[in-house]
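Letter by letter, the chains look like this.
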Amino acid sequence: MAFASNSHRDPSGIYTFSSRPRAVENRSKYREPSTEETKHHYGNIMYDRRVVRGNTYSKRIVPTAAEPDPAEIRRQQANRKRAIARKQAREQLRPSTPEALQGRKHIDVQTELYLEELSNVIVATDIECQTDAFLDRPTTPLFIPAKSGKDVETQIEEGELFDFDVEVQPVLEVLVGKTIEQSLLEVMEEEELACLRAQQRAFEELRNNELAEVQRLQEKERRHNEEKERRIAQQREVLKNEKEVAEKIAARAYTQQYLADLLSAVFTSLRRHGYIYDPVEKDIETNFFPWLMDEVNNRLERRYAAREILDTIIYDIAQKRLERFNEQERQPAKSDS
């Protein structure tokens, strides 16, 4: 039955479930498409997905995260690869038993402190058997169908069944006719090929003549174009030269008009700044005057030196005379006393 469920908790904390009874609706034999009007919300607890039925040990554990972290997966894979690589490296570095020499083999030996007798030794024996060689398959016999009917014989005399001269005549006529027809066809084909070759040669000659005429016309047109371009270039060069000459004349006239009063001012300024000068005057100013001044300075220095020496001599003589005069004055004073 289907019920309208109602669940609640008592004040004591016990979970209770109750549903109101109602009549079951009539269901059709076949399943009908579910619509919003016909869709029923059942409250049966056995249809609840949260209720686990059956063995709880094999229940599906829902992961907490919807999807694992790709970075965590890559990290786990990298750790797994590194662990496998370390294990392989340890196995390679682990010392192993060397291979046995030729004609010898390794056997298991007890290495314990107390030897133990091995009584359960399994006896092994080698048994050989040889199968028969394969036989060649016999050849398949020729198929001969079974004979049916009866064998009879008759006697045919010469000329009764076949006359070669008479019977061969239509064959020869056909052969000769076909040969002549084929020969005529080959001759006609050769004549047609000869006509085609003649037409091809005539066409090639006509085409060569037309090509030669086309090349001549093209060469003529090329010469005309080159002559036209040369004439145009010459005319352009003439116009360019005339324009340059006119520009030069205009520039010269403008320059003459502009520099008419400028020439005297430029020469005056150049003379003032010393760019244009008299060579004699320049030589006197740059060579003679400095030499003259040096000589005058030397003469004056020598004169000043002579005067200083003379003044020094006069000063020394005057000092000596003054001292002598003072001594002469002191001597009469001593004699008087």
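Figured I'd write up the structure that's included with this text. Since this is a predicted model, take the numbers as computed values, not measurements. (Residues numbered from 1 in each chain as written. Predicted model: local features only at pLDDT ≥ 70, side-chain atom pairs only at ≥ 80, totals over all residues. Heavy atoms only, no water.)

1. A few points about the overall build of the protein chain
From N to C terminus, the protein chain includes four helices and two strands. Walking the protein chain from its N terminus toward its C terminus, one meets helices and strands in the order β-β-α-α-α-α. When each of the 337 residues of the protein chain is scored for burial, the buried share is 1%. Counted over contacts in the protein chain with a minimum sequence separation of 6, partners at least 24 positions apart contribute 12%. Just so you have it, the protein chain exposes about 35300 Å², and 55% of that area is on carbon and sulfur atoms. (Helix = DSSP H or I, 4+ residues; strand = E, 2+ residues; numbered from the N terminus. Buried < 20%, exposed > 50% of the residue type's maximum accessible area, 1.4 Å probe, protein only. Contact = heavy atoms within 4.5 Å. Areas by Shrake-Rupley, 256 points an atom, 1.4 Å probe, with all protein chains shown as cover.)

2. With respect to a nonpolar patch on the surface
The grouping of Val280, Ile284, Phe288, Phe289, Trp291, Leu292, Val296, Leu300 and Tyr304 at the surface amounts to a nonpolar patch, some 810 Å² of accessible area in total. You can see Tyr304 is positioned in helix 4 (residues 279–336). (Patch = residues over 30% accessible without salt bridge, like charges linked within 9 Å, V, L, I, M, F, W, Y side chains within 5 Å. Salt bridge = Lys/Arg side-chain N within 4 Å of Asp/Glu carboxyl O.)

3. Remarks on a negative patch on the surface
Residues Glu186, Glu189, Glu190, Glu191 and Glu192 make up a contiguous surface patch of negative charge. One can find Glu191 in helix 2 (residues 164–259). (Lys, Arg positive; Asp, Glu negative; His and termini not counted. Charge placed at Lys NZ, Arg CZ, Asp CG, Glu CD.)

4. Some remarks on the pattern of salt bridges
If you walk through the whole model with that rule in mind, you get seven salt bridges. Asp151 serves as the salt-bridge partner of Lys147, at 3.6 Å between the closest nitrogen and oxygen. For the pair formed by Lys147 and Asp151, the shared burial category is exposed. Each member of the salt-bridge network shares a partner with another, and the members are Glu219, Arg222 and Glu226.

5. Looking at the packing of aromatic side chains
According to the stated counting rule, one finds two aromatic pairs in the structure shown. Geometrically, the ring pair formed by Phe288 and Phe289 is tilted, given 6.1 Å between the ring centres and 45° between the ring planes. Taking the relative accessible area as the measure of exposure, Phe289 reaches 43% and is therefore partly exposed. Each ring, one from Phe288 and one from Trp291, has its centre 6.1 Å from the other, and the planes form 35°; the classification is tilted. Taken together, the residues Phe288 and Trp291, both in helix 4 and three residues apart, mark about one turn of the helix. Residue classification places Phe288 among the partly exposed residues on the basis of a relative accessible area of 41%. Each member of the aromatic cluster is reached from another via a ring pair, and the members are Phe288, Phe289 and Trp291. (Phe/Tyr/Trp six-rings, centres within 6.5 Å; stacked < 30°, edge-to-face > 60°.)

6. Here's the deal with helix 2
For helix 2, built from 96 residues, the straight-helix expectation of 142 Å at 1.5 Å per residue is met to within 8% by its first-to-last C-alpha distance of 135 Å. The sharpest bend along helix 2 comes to roughly 25°, located at Pro170. (Expected span 1.5 Å × (residues − 1). Bend = angle between axes of the 7 residues up to and from the residue.)

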